[in-house]
Amino acid sequence: MANYNFDLFIIGAGSGGVRAARVAARLGAKVAIAESQYLGGTCVNVGCIPKKFLHYAAHFSEDFEDAVNFGWTAEQPRFDWITLVKNKDKEIERLNQTYQRLLEQVNVTLINGWAKVDNPHQVTINNHSYSTERILIATGGMPFTPNIPGKEHITDSNEMFFLETLPENIIIVGGGYISVEFAGILNGLGSHATLIYRGDSLLHHFDQELRQALEAEMIKRGIILRSNAEVKAIEKQGQGLNALLHNGEILQADKIMYAIGRRPNTANLGLAELGVRLNPTGGIIVDQFYQSTLPSIYAIGDVIQKISLTPVATAEAMVLSHHLYEGSNTPLDYTNIPTCVFSQPNLATVGLTETQARDKIGDIKVYRTRFRPLKHTISGRDEQTLMKLIVDKTTDKVVGAHMLGPEAGEIIQGIAIAIRAGATKALFDSTIGIHPTAAEEFVTMRNVT
Ligand code: NDP
């Protein structure tokens with residue numbers, strides 16, 4: 001057997017790469033990991049974690065308002081963007097160091113720089129070449145921006161985390177996770193946000209009724225929604241920008257942010273030249289154990305464009321490491337993956353939407369409840385929570401759970417376990433609720449709608 005410098009050479013120290021490095025090293029592999037930017041990848045630096053900090057920050061504006069009817073009076077609250085960015089950066093720096101420590105603890109060799117794959121068993125970084133039995137590509141993705149006139153004026157979601165000032169007026173293009181989350185964040189922090197999306201409604205993978213309810217909540221908060229709209233060009237106009245829409249309209253803003261999906265980071269890695277098959281948008285094509293068309297090269301996470309969520313990347317990392325270094329042959333089960341859009345309020349889901357269930361199962365029962373959260377009966381906020389359960393009529397199994405409301409992500413996480421365990425509606429019904437909570441509604445819905 002050839003004598004390599006490493007058993008596994010990982011390119012990309014994001015959530016997937018770092019998890020694969022740690023698990024493979026613990027299972028006895030000699031591992032190196034290369035990173036050209038920051039440890040922790042998108043999630044830690046320009047994704048989930050800083051986004052959640054911004055989301056918390058944005059929510060305070062509502063909390064201050066809601067406190068009044070509970071008897072609180074305080075000075076008119078003021079928000080300082082720079083304080084938030086500074087504290088966010090400090091915490092992320094701590095997380096970067098934690099990632100480094102975690103890698104050191106299991107003797108993973110960390111190499112800073114841009115890695116290029118020279119041949120199926122060799123990687124070069126900073127003019128040093130390393131031989132390796134296997135290579136794992138975990139380079140993630142980057143925001144995609146369109147090739148329109150004035151594209152140089154676009155701010156992408158990575159840049160949003162480092163703005164020097166909070167824009168007074170912002171246009172956000174896209175109707176997916178990132179645009180919806182940023183619209184809520186910026187609106188909550190005091191910006192005027194306009195969301196422009198090309199379809200009829202936002203978040204088209206989610207249950208239609210919940211998307212519509214979310215749109216209503218966003219409008220109540222003052223976010224301007226422009227459906228069936230597209231920007232064809234951007235022009236500088238004094239200190240601000242003009243967005244020229246397809247229908248001839250011109251909208252003005254200080255910033256124009258795009259979040260219309262992300263593209264895998266596979267350029268300049270040497271992969272296509274070696275014959276690694278990529279899909280038309282650059283995603284690496286892999287089998288169920290993440291092996292590419294070149295047997296010594298594997299890929300996980302956003303770069304394979306399967307499901308671009310951090311917990312999916314880390315799960316893929318674990319499946320792969322156990323497969324390679326422990327002989328495990330259980331592939332990842334991609335069904336019933338819960339997910340949450342950190343909008344105001346949260347939209348979370350697991351399993352089939354009503355439409356998907358009708359198409360796939362046919363005979364279903366739908367349970368729905370819509371109510372004003374208890375807190376808002378006193379705060380006076382006009383906010384509705386909506387919950388839905390989709391049940392297979394033949395088996396009585398709950399095949400989908402959806403919630404729009406405060407902490408929906410926290411609640412749906414628990415419901416996801418029940419659904420994965422195959423819980424029936426009868427089991428939901430026989431579960432005693434925790435009173436008074438919103439979550440108890442999931443075990444007290446009795447009327448089929
Ligand atoms: P999404 O895939 O969620 O949404 C992309 C949006 O952009 C859709 O509304 C799509 O419209 C629209 N779009 C695509 N191409 C164009 C175009 N050329 N012009 C105008 N609109 C266009 O992408 P995001 O960038 O929001 O997020 C990327 C991924 O990151 C997500 O899919 C998700 O996997 C992950 N993510 C997860 C989060 C979470 O778990 N909370 C948070 C943030 C990101 P249409 O629907 O018509 O195709």
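Residues numbered from 1 in each chain as written. Predicted model: local features only at pLDDT ≥ 70, side-chain atom pairs only at ≥ 80, totals over all residues. Heavy atoms only, no water.

- With an unreviewed UniProt entry as reference, the protein is termed Glutathione reductase, source organism Candidatus Nitrosacidococcus tergens.
- Listed under Sequence similarities (unreviewed entry) in UniProt, the entry text for the protein is "Belongs to the class-I pyridine nucleotide-disulfide oxidoreductase family." (UniProt positions renumbered as here; feature names shortened; annotations may be inferred.)

## A few points about the overall build of the protein
Part 1: Of the regular secondary structure elements, the protein holds 13 helices and 22 strands.
Part 2: Against the compact-globule benchmark of 22 Å for 449 residues, the protein has a radius of gyration of 24 Å, which places it among compact chains.
Part 3: The principal-axis extents of the C-alpha atoms in the protein amount to approximately 70 × 65 × 45 Å.
Part 4: Scored against the burial criterion, the 449 residues of the protein give a buried share of 51%. (Helix = DSSP H or I, 4+ residues; strand = E, 2+ residues; numbered from the N terminus. Rg over C-alpha atoms; globule rule 2.2 N^0.38 Å. Buried < 20%, exposed > 50% of the residue type's maximum accessible area, 1.4 Å probe, protein only.)

## Section: the layout of surface pockets
Part 1: Each pocket or cavity is described by its volume, and for the second largest pocket that value is around 580 Å³.
Part 2: Taken together, 27 residues form the lining of the second largest pocket, with Pro373, Lys375, Glu383, Pro406 and Glu407 sitting closest to its centre.
Part 3: Contributions of two or more residues to the lining of the second largest pocket are made by helix H3 (48–67) and helix H11 (374–379).
Part 4: By residue number, the principal contributor to the lining of the second largest pocket is H3, which donates 8 residues.
Part 5: Looking at the lining of the second largest pocket residue by residue, the classes come out as 10 nonpolar, 7 polar and 10 charged. (1 Å grid on protein atoms, 1.4 Å probe; cavity = no way out; pocket = protein on both sides within 12 Å on 5 of 7 lines; lining within 4 Å. Points joined across faces, edges and corners; volume = space filled by probe spheres on them. Nonpolar A, V, L, I, M, F, W, Y, C, P; charged D, E, K, R; others polar.)

## A closer look at the UniProt feature "active site" (unreviewed entry) in the protein
Part 1: Here the UniProt feature "active site" (unreviewed entry) sits at His435.
Part 2: The topology assignment puts His435 in the segment after helix H13 (425–430).
Part 3: A distance of 2.7 Å separates polar atoms of two side chains, one belonging to His435 and the other to Glu440. (Polar contact = N/O pair within 3.5 Å; in protein donor to acceptor, adjacent residues only side chain to side chain.)

## Details of the pairing of strand E14 (residues 250–253)
Part 1: Of the two faces of E14, the one holding Leu251 and Ala253 is buried and the one holding Ile250 and Gln252 is not buried anywhere.
Part 2: Where strand E13 (residues 240–245) and E14 come together, 4 bridges link them in antiparallel fashion. Note on E14: the bridge partner recorded for Leu244 is Ile250.
Part 3: Connecting E13 to the antiparallel partner E14 that follows it, the hairpin turn spans 4 residues, and Gly248 within it adopts a positive phi of roughly 95 degrees. (Pairing = 2+ DSSP bridges.)

## As for unusual backbone geometry
Part 1: Put simply, Gln344 and Pro345 share a cis peptide bond, and its omega is -5 degrees.
Part 2: As for its position among the elements, Pro345 is in the loop between strand E18 (339–341) and strand E19 (347–351).
Part 3: The amide bond that connects His435 to the next residue, Pro436, takes the cis arrangement and shows omega of -10 degrees.
Part 4: Here Pro436 lies in the segment after H13.
Part 5: One non-glycine residue with positive phi stands out, namely Asn126, at about 45 degrees.
Part 6: Along the chain, Asn126 turns up in the loop between strand E5 (122–125) and strand E6 (128–137).

## Notes on the sheet that holds E13
Part 1: Spatially, the 3 strands line up as an open sheet ordered E12-E13-E14, and their pairing is antiparallel. Either end of the sheet is taken by a strand with one partner, and the two such strands are strand E12 (231–237) and E14. Averaged over all neighbouring strand pairs, the angle between strand axes comes to 25 degrees, with direction disregarded. (Axes fitted to C-alpha atoms, helices over the stretch in contact; angles between N-to-C directions.)

## Describing the site of the ligand
Part 1: For the ligand, the set of nearby residues contains 17 residues, the closest of which are Ile178, His204, Gly261, Ser308 and Cys340.
Part 2: The separation between an oxygen atom of the ligand and a polar main-chain atom of Ile178 is 2.9 Å.
Part 3: The contact in question runs from an oxygen atom of the ligand to an N or O atom on the backbone of Ser308, over 2.8 Å.
Part 4: A per-element tally of the shell around the ligand places helix H6 (residues 177–189) first, with 3 residues.
Part 5: The residue inventory of the shell around the ligand, partitioned by class, reads 7 nonpolar, 6 polar and 4 charged. (Near = heavy atom within 4 Å.)

## Considerations on the packing of helix H1 (residues 15–26) against helix H9 (residues 310–326)
Part 1: One way to put it is that H1 packs onto H9 with a least axis distance of 8 Å and a crossing angle of 30 degrees. The angle between H1 and H9 places the two elements in the roughly parallel class. Seen along the crossing, H1 lies across H9 with a hand that is right-handed. Seen from H1, the contacting residues are Ser15, Gly16, Arg19, Ala20, Val23 and Ala24; seen from H9, they are Thr310, Ala313, Thr314, Ala317, Met318, Ser321, His322 and Tyr325.
Part 2: A per-class count over the contact of H1 with H9 returns 7 nonpolar, 6 polar and 1 charged. (Parallel < 35°, antiparallel > 145°, perpendicular 65-115°, else oblique. Left-handed = near helix turned anticlockwise from the far one by under 90°. Contact = heavy atoms within 4.5 Å.)

## Topic: the packing of aromatic side chains
Part 1: Summed over all chains, the structure comprises 6 aromatic pairs.
Part 2: Ring geometry for Phe6 and Tyr130: centres 6.2 Å apart, planes at 50 degrees, overall tilted. On the criterion of sequence distance, the pair formed by Phe6 in strand E1 (residues 6–11) and Tyr130 in strand E6 is long-range, its members being 124 residues apart.
Part 3: Exposure remark for Phe6: the relative accessible area of 7% places this residue in the buried category.
Part 4: Judged by centre distance (5.8 Å) and plane angle (70 degrees), the ring pair of Tyr177 and Phe206 falls under edge-to-face. Of the two residues, Tyr177 sits in helix H6 while Phe206 sits in the loop between strand E10 (192–196) and helix H7 (208–220), which places them 29 residues apart along the sequence.
Part 5: By relative accessible area, which is 30% here, Tyr177 ends up partly exposed.
Part 6: On the basis of relative accessible area, Phe206 is assigned to the buried category, the value being 6%. (Phe/Tyr/Trp six-rings, centres within 6.5 Å; stacked < 30°, edge-to-face > 60°.)

## Describing the pairing of strand E20 (residues 364–371)
Part 1: Among the 8 residues of E20, 6 are classified as buried, and the element is accordingly described as predominantly covered.
Part 2: The pairing of E20 with strand E21 (residues 385–392) spans 8 bridges and is classified as antiparallel. Directly across from Thr369, in E21, lies its bridge partner Met387.

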